[in-house]
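# Chains, contacts and geometry: an overview
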Amino acid sequence: EHWANDFIDEYYQKRAPVFTARVNGLPYAWVYKKPALTVALPELLPGTAVIAELPATRQGLSRVDVFTATYNGRATAGRMRLAVRRQPHGADLRSAVRDVHTLPDNGYAAFTFAPVEDSAEKLLYVVLTTDGTAPKNAPTVRGAPQEEGRRYALVHGEITEGTYAAKQKPGSIGLRWF
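This one's a predicted model, so the numbers in the text were calculated from it and none came from an experiment.

Reading the values: the criteria
Residues numbered from 1 in each chain as written. Predicted model: local features only at pLDDT ≥ 70, side-chain atom pairs only at ≥ 80, totals over all residues. Heavy atoms only, no water. Helix = DSSP H or I, 4+ residues; strand = E, 2+ residues; numbered from the N terminus. Contact = heavy atoms within 4.5 Å. Areas by Shrake-Rupley, 256 points an atom, 1.4 Å probe, with all protein chains shown as cover. Lys, Arg positive; Asp, Glu negative; His and termini not counted. Charge placed at Lys NZ, Arg CZ, Asp CG, Glu CD. Core = buried A, V, L, I, M, F, W, Y, C linked by side-chain atoms within 4.5 Å. Buried < 20%, exposed > 50% of the residue type's maximum accessible area, 1.4 Å probe, protein only. Phe/Tyr/Trp six-rings, centres within 6.5 Å; stacked < 30°, edge-to-face > 60°. Patch = residues over 30% accessible without salt bridge, like charges linked within 9 Å, V, L, I, M, F, W, Y side chains within 5 Å. Salt bridge = Lys/Arg side-chain N within 4 Å of Asp/Glu carboxyl O. Pairing = 2+ DSSP bridges.

## Some details on the overall build of the protein
Secondary structure summary: the protein contains 2 helices and 14 strands in total. Its C-alpha atoms give the protein principal-axis dimensions of roughly 60 × 35 × 30 Å. For the protein, the proportion of contacts with a sequence separation of at least 24, taken over those separated by at least 6, is 74%. On the protein, roughly 10,000 Å² of surface is accessible, and the fraction owed to carbon and sulfur atoms is 53%. Each charge class in the protein can be summarised by its mean position, and for the 22 positive and 18 negative side chains these summaries are 4 Å apart.

## Regarding the nonpolar core
Membership of the largest hydrophobic core comes to 29 residues, with the highest contact counts inside it found for Leu61, Val64, Leu82, Leu128, Val141, Ile173 and Leu175. For this core, the secondary-structure elements that each account for two or more residues are β4 (48-56), β5 (61-69), β6 (79-85), β8 (107-116), β9 (122-131), β11 (151-156) and β14 (175-177). Beyond its immediate sequence surroundings of up to four residues, Leu175 is in contact with Ala52, Glu53, Leu54, Val64, Asp65, Val66, Tyr108, Val126 and Arg150. By size, the runner-up hydrophobic cluster in this structure holds 9 residues, among which are Ala49, Ile51, Val155 and Ile159.

## A look at the environment of Ala69
Along the chain, Ala69 falls in strand β5. For the pair formed by Ala69 and Gly132, sequence separation is 63 residues and the distance between their alpha carbons is 17 Å. Ala69 has contacts with Pro104, Asp105, Asn106, Pro139, Thr140 and Arg142, leaving out every residue within four places of it along the chain.

## Brief notes about the packing of aromatic side chains
Using the criterion set out here, one finds 2 aromatic pairs in the structure. Between Phe67 and Tyr108, the aromatic rings sit 5.0 Å apart at their centres with planes inclined by 85 degrees, giving edge-to-face as the arrangement. Residue Phe67 is found in strand β5, and its partner Tyr108 is found in strand β8; the two are separated by 41 residues along the sequence. With relative accessibility at 14%, the residue Phe67 sits in the buried group. With a centroid separation of 5.5 Å and 75 degrees between ring planes, the pair formed by Tyr125 and Tyr164 is classed as edge-to-face. Of this pair, Tyr125 sits in strand β9 while Tyr164 sits in helix α2 (residues 161-167), and the two are 39 residues apart along the sequence.

## Observations regarding a nonpolar patch on the surface
Taken together, Val18, Phe19 and Val31 make up a surface patch of nonpolar side chains, about 280 Å² in accessible area. Positionally, Val31 belongs in strand β2 (residues 26-31).

## Some words on the sheet that holds β9
Sheet architecture is open: 6 strands sit in the order β7-β6-β9-β4-β11-β12, paired in antiparallel fashion. The open sheet has two edge strands, β7 (92-99) and β12 (169-170), and neither has a second partner. For β11 and β12, the ladder comprises 2 bridges, and the chain directions are antiparallel. Each bridged residue has a counterpart across the sheet, and for Tyr152 the counterpart in β12 is Lys169.

In structure tokens:
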């Protein structure tokens, strides 16, 4: 027993391994599936939104990390806004804003907000938009189209009840939530 093993066990206890190596018939090592963020979505310009499913697993959701890309730091203007909603076209439950020049290139950007009550075991939606960005000076997010069981959409214009359904694609974008 070691505290590091306890931490790893706690971190992965809710995830099922895709492979378990056994030594002398006992579980020895576990392999977990990690999404590979292989696709960069188009630049997030004003009037464009990325909508992604967020299967919240615990009560009091208060932070969402987004895997952003700034084209080697080229994207510096404007702000990125993250909204958490119960429906893609619904009212914001919470939102947070980051200046684009503070976003990492090919890394996770944390968006924090007041805890969302009643978030445990709920399907929520993250809506990402920008303002003040321009072509060749706008960030994007990275996605994993091969991920099963999740969906995301890139929507140009107003988000209505039908636009998410019409534009959704299988896969996910780079999100972590706490």
